[in-house]
Amino acid sequence: MQIVPLPALSDNYIWLLRQGNQAIVVDPGEAAVVKNYLAAQALNLNAIWLTHAHHDHTGGVAALKQHYPQCEVVGWGEWPEVNRAVNEGSEFEAFGQRVAVWHIPGHTADHLAYILADSAGQQRVFCGDTLFSAGCGRVFTGTMAQMFASLQRLNSLPQDTLFYPAHEYTAANLKFAQAVEPDNPAIRQALSQTATLPTLPVSLAHERDINPFLRTSQLPVITSVVQKGLPEQQSTEPLAVFTCLREWKNRF
């Protein structure tokens, strides 16, 4: 199985999984880039997986479904065009690999992740707008507590897990991460490597070194958010540290 990033819109990636002449796409925000790739590679579209219902992730679904009427649209049952409803705990197979669905609210209240596990135990996570390299999504219809819990859950996976976020935000996120931890050499090194695109996928081990939203218990992060106004008595509360970080990033 191959996983190919298709750049779309201004900074989205539509992830395309392919095996033989069959393909699956994740969060197709526009149809043309997918249709052009499928035609050029003589691939058939089997399924679309949706992580959430924002238009930059679903804008191409209707046109793709019209062009590939046999295509299965997987996602939350209330989302438009979905004909295979999934939620927390759903499992299915794709290209011989087990896929587990997690409900990871925060960015939206109904955000999903798709976790592939191959026969060797390697896990790959299509995490939409929850975890980015060196960052995380904004909190819209979910809550800060939900986003924090979802990130902690993703952080519980094996360190060699690969993440496939839906946006190329790495350079901007690393600039914020460097403001939070100016003496972190891993952040400095990662920032020097962002000229080569895509910067994704990324391993969980890498994110644990550079992503401030996964480092809320680290003293340099805590020190920075206290300097930004977090009351000292809340500095031992990881959710409070996370919330201060996310609000700081909103203004950064």
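Here, the structure is the one placed above.
Heads up: these notes are all about the structure in this document.

Analysis parameters
Residues numbered from 1 in each chain as written. Predicted model: local features only at pLDDT ≥ 70, side-chain atom pairs only at ≥ 80, totals over all residues. Heavy atoms only, no water. Helix = DSSP H or I, 4+ residues; strand = E, 2+ residues; numbered from the N terminus. Buried < 20%, exposed > 50% of the residue type's maximum accessible area, 1.4 Å probe, protein only. Contact = heavy atoms within 4.5 Å. Areas by Shrake-Rupley, 256 points an atom, 1.4 Å probe, with all protein chains shown as cover. Lys, Arg positive; Asp, Glu negative; His and termini not counted. Charge placed at Lys NZ, Arg CZ, Asp CG, Glu CD. Phe/Tyr/Trp six-rings, centres within 6.5 Å; stacked < 30°, edge-to-face > 60°. Pairing = 2+ DSSP bridges.

### Considering the overall build of the chain
So, point 1. When helices and strands are tallied, the chain shows nine helices and 14 strands.
So, point 2. Dimensions of the chain, computed from the C-alpha atoms along their principal axes, are close to 55 × 35 × 35 Å.
So, point 3. Burial status across the chain gives 53% buried among its 252 residues.
So, point 4. A separation threshold of at least 6 residues defines the contact pool for the chain, and within that pool the share at least 24 residues apart is 57%.
So, point 5. When the accessible surface of the chain is summed, it comes to about 10,700 Å², and 49% of that surface belongs to carbon and sulfur atoms.
So, point 6. Computed over 16 positive and 22 negative side-chain charges, the separation of the two mean positions in the chain equals 4 Å.

### Things to note about the packing of aromatic side chains
So, point 1. For the structure on display, the rule yields 13 aromatic pairs.
So, point 2. Residues Trp49 and Tyr114 carry aromatic rings whose centres are separated by 5.3 Å and whose planes lie at 25 degrees to one another, so their mutual orientation is stacked. One end of the pair, Trp49, is in strand β4 (residues 44-49); the other, Tyr114, is in strand β9 (residues 112-117), and 65 residues separate them in sequence. The same class applies to Trp49 and to Tyr114, which are both buried.
So, point 3. Where Phe132 meets Tyr169, the ring centres are 4.8 Å apart and the plane angle is 75 degrees; that geometry is what we call edge-to-face.

### A closer look at the sheet that holds strand β5 (residues 72-75)
So, point 1. Pairing is mixed across the open sheet formed by six strands, whose spatial order is β1-β2-β3-β4-β5-β6. For this open sheet the edge positions go to β1 (2-8) and β6 (84-85), each flanked by a neighbour on one side alone.
So, point 2. The sheet contact formed by β1 and strand β2 (residues 12-19) spans seven bridges and is antiparallel. The partner of Leu6 across the bridge, within β2, is Ile14.

### Things to note about the sheet that holds β9
So, point 1. Taken together, six strands build an open sheet; the order of strands is β7-β8-β9-β10-β13-β14 and the sheet is mixed. The outermost strands of the open sheet, each flanked by one partner alone, are β7 (91-94) and β14 (202-203).
So, point 2. Note that strand β13 (residues 162-165) and β14 share two bridges and pair antiparallel. Opposite Phe163, over in β14, you have Val202 as the bridge partner.

### Remarks on the environment of Phe132
So, point 1. Along the chain, the position of Phe132 falls in strand β11 (residues 131-132).
So, point 2. Taking C-alpha positions, Phe132 is 23 Å from Val61, a pair spaced 71 residues apart along the chain.
So, point 3. Residues contacting Phe132, with those up to four places away along its chain left out, are Gly137, Pro165, Ala166, His167, Tyr169, Asn173, Glu207 and Asn211.

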